[in-house]
Each structure stands twice: as structure tokens, then as C-alpha cells.
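# Residue-level structure breakdown
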Amino acid sequence: TSSFARMFVQVCLYFYCKCLWRCLKFVVRKLTGQCELQRICYNTKPGAARTMKIEASLKGSKSKRLQTSVNVHPDAIEKTIDDIMELKRINPDINPQLGVSLQACLLQIVGYRNLIAEVEKLRREPYDSENPQHEEMLLKLWKCLKPNSPLKARISKQWCEIGFQGDDPKTDFRGMGLLGLYNLVYFAEWDTEVAQQVLSDSLHPKYSQLSKAEWEKKKFDKAIGYSFAIVGINITDLAYNLLVSGALKTHFYNVAPEAPTLTHFQQTFCYLMHEFHKFWIDEDPLDIMEFNRVREKFYKRILKQLQNPEMALCPHFAASESLINM
């Protein structure tokens, strides 16, 4: 009985608050002469704060046309803006900036949804050693990371040198599919210097065979020792979870003036690799068995950062500079 009573009270409170909220919106519109969308655009600066408020307002609208506006095709956004202005009885000639602001927000909202679909498609596509493009990307990864060490054979123990688990890397891509390879190749190709440095660092466990003088010269005073490629695939999984959960909206809405793209996602992966590398060193784990603990702690730290609507993880992507100066 008490459980039913609590549920009944919660339902009553929900409808009461919903009705009260709609009444408040009606009163505020009458007082200000502006609808909620106008108030958001005029009183909130561009970026995540504005776009997320616009997204919540459209999804929470009682109008089906407004609710579905966040799911339109990018080519239909201009017409959708016209429909919204007409539905809200807003004169575009008197409010020209409103249409521009709403269009920018919708491009980000729709773009984020499309980015999830693109990333999901790559994640679901398995690595195929019979596909020349897949093989070409894999060999490019080796060349970028080990330019002075030719690969002696496609199936080789050498793959362990860049952090794969066995003779054939294809088995390591099972969890993240092509997405893991795409990210690793992007990191190695476009941020080559930092990728090579992270790889070099990762090859040195705490109790290495280096002499004390060599160790001090390289400044390896903390534990490193992890499998570069495997960690890259794992960080790809972390970035994927941040994306599909919506946590990365804060970052993408702040760094992408229009629709976020796969390149934005890959740059974010590079940033996360760079930050995780520093975090791992700071945590000073005893060995790789502590990986899951360190990863979870790192994930929570990134999540907390993304709760700030002003947050941009890598506003001007320059991971190389900060790591080289580390």
C-alpha cells in the first residue's frame, strides 16, 4: 500500500510540475514577448550551453513538429527553421539572427546524431585481411610508428613491438572493429611525433633493463609499460562510450561551429590517448594488472570535466606540443 501511495504521489507531482512549468512558460512569454527558443538564443552565448538548452526545449515541446526537428536530415534544416519560425509566429525579418542561431544549433544536434551512426558503422565492421584497404591501413600504421624498421612479414612477431598481442593484429580488432584501426592510424599519421613518443615510453616498464644513467636521461622515474595498440583500442572504446552516452556533446558543441565530424572524434581520441598516457605515469601503477582501475579513474575524471558546459577537451588540437614539453 505504501509503495502504491508513493507512486501515486510521484505521478501527481510529475503532472503538477509539468502543468506548472507550462503555465510559467506561458506567463513569461506574455511578459517578455519572446518564446523559450528566443530567450535561449538571446540570453545564452553560442556553444554547448545554448545548443543543449535548444535541444532540450525542442524535445520537451508539446508540438510533434518541434520534437521531430532534432531528427531531420541536414538538407532539411533550413526548411525546418522556417517551420519553427512559422509555428512560433516569429517574424524572420524582425528576428533575422534567431534563424541563424537556430540553424547553427540544429546543425550540431543533427550532426552529433549522424556522427554516432558513422562511428557505430565503423565499430561494427570487422577487420578483413582479404580487404586490400584494411591491409593498407594496417601497414600504414606500422610505417608511421616504425619508419626505420621495415616489417619483415605480414604475420610476424614484430607486431608486438607496437603493442599488439600476437603475430596477426587482426584478432585484436574484434571488440572495436575498424574504428580501433581508424583511430590508431589517425593518431600515428597526423600526430606522428607524439604517437611515436607514447609508443617509445610504453615499451619501458618500471623495472627495465636500462642502466640507471640511461633511465635518468630518459626521465622514466615512473612506471609506464603497457601495450600501445591494445591501449589505443581500449581508449577507442572509452571515446565511443563517451560519444553514445551523450557526454561528448559538451565538447563537440563547443569546438564544432556546425556539425561535428569523424575528424573531431578522431582528434578527441588523440587527446584522450595523450591524457591517458600522462595519467598513467602520474598514477604510477605497479604493473599492467592495474590497467582497469586506472582506466576507470581516468574515465570518471573526463566525465566530470564534460559536465562543465564551457568544457572543450581540445579546443585547438595540439597534443604534440604539450606532450613534448611535459
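The structure reproduced in this document is the subject of the present report. What you see is a predicted model, and the numbers here were worked out from it, not measured in a lab.

To continue, consider unusual backbone geometry. One non-glycine residue, Arg89, adopts positive backbone phi at about 55°. Among the secondary structure elements, Arg89 is positioned in the loop between helix H5 (77-87) and helix H6 (96-124). Look at Asp284: it is not a glycine, yet its phi comes out positive at around 50°. You can call Asp284 partly exposed: its relative accessible area is 26%.

Moving on, we come to the side chain of Thr44. You can see Thr44 is positioned in the loop between helix H2 (36-43) and helix H3 (48-59). Given the relative accessible area of 11%, Thr44 is considered buried. In contact with Thr44, not counting residues within four places along its chain, are Arg39, Ala49, Arg50 and Lys53.

A few words on the packing of helix H8 (residues 177-190) against helix H9 (residues 192-202). In the contact formed by H8 and H9, the axes pass within 5 Å of each other and the chain directions differ by 110°. By the angle between their axes, H8 is roughly perpendicular relative to H9. Only Thr192, Val194 and Ala195 of H9 make contact with H8, whose side of the interface consists of Phe187, Ala188, Glu189 and Trp190. Classifying every residue of the contact of H8 with H9 gives 5 nonpolar, 1 polar and 1 charged.

In contact at an axis separation of 3 Å, H6 and H8 are set at 105° when each is read in the N-to-C sense. It follows from the interaxial angle that H6 and H8 lie roughly perpendicular. For the pair H6 and H8, contact is made by Val119, Leu122 and Arg123 and by Gly177, Leu178, Leu179 and Tyr182, respectively. A per-class count over the contact of H6 with H8 returns 5 nonpolar, 1 polar and 1 charged.

Parameters and conventions
- Residues numbered from 1 in each chain as written.
- Predicted model: local features only at pLDDT ≥ 70, side-chain atom pairs only at ≥ 80, totals over all residues.
- Heavy atoms only, no water.
- Helix = DSSP H or I, 4+ residues; strand = E, 2+ residues; numbered from the N terminus.
- Buried < 20%, exposed > 50% of the residue type's maximum accessible area, 1.4 Å probe, protein only.
- Contact = heavy atoms within 4.5 Å.
- Axes fitted to C-alpha atoms, helices over the stretch in contact; angles between N-to-C directions.
- Parallel < 35°, antiparallel > 145°, perpendicular 65-115°, else oblique.
- Nonpolar A, V, L, I, M, F, W, Y, C, P; charged D, E, K, R; others polar.

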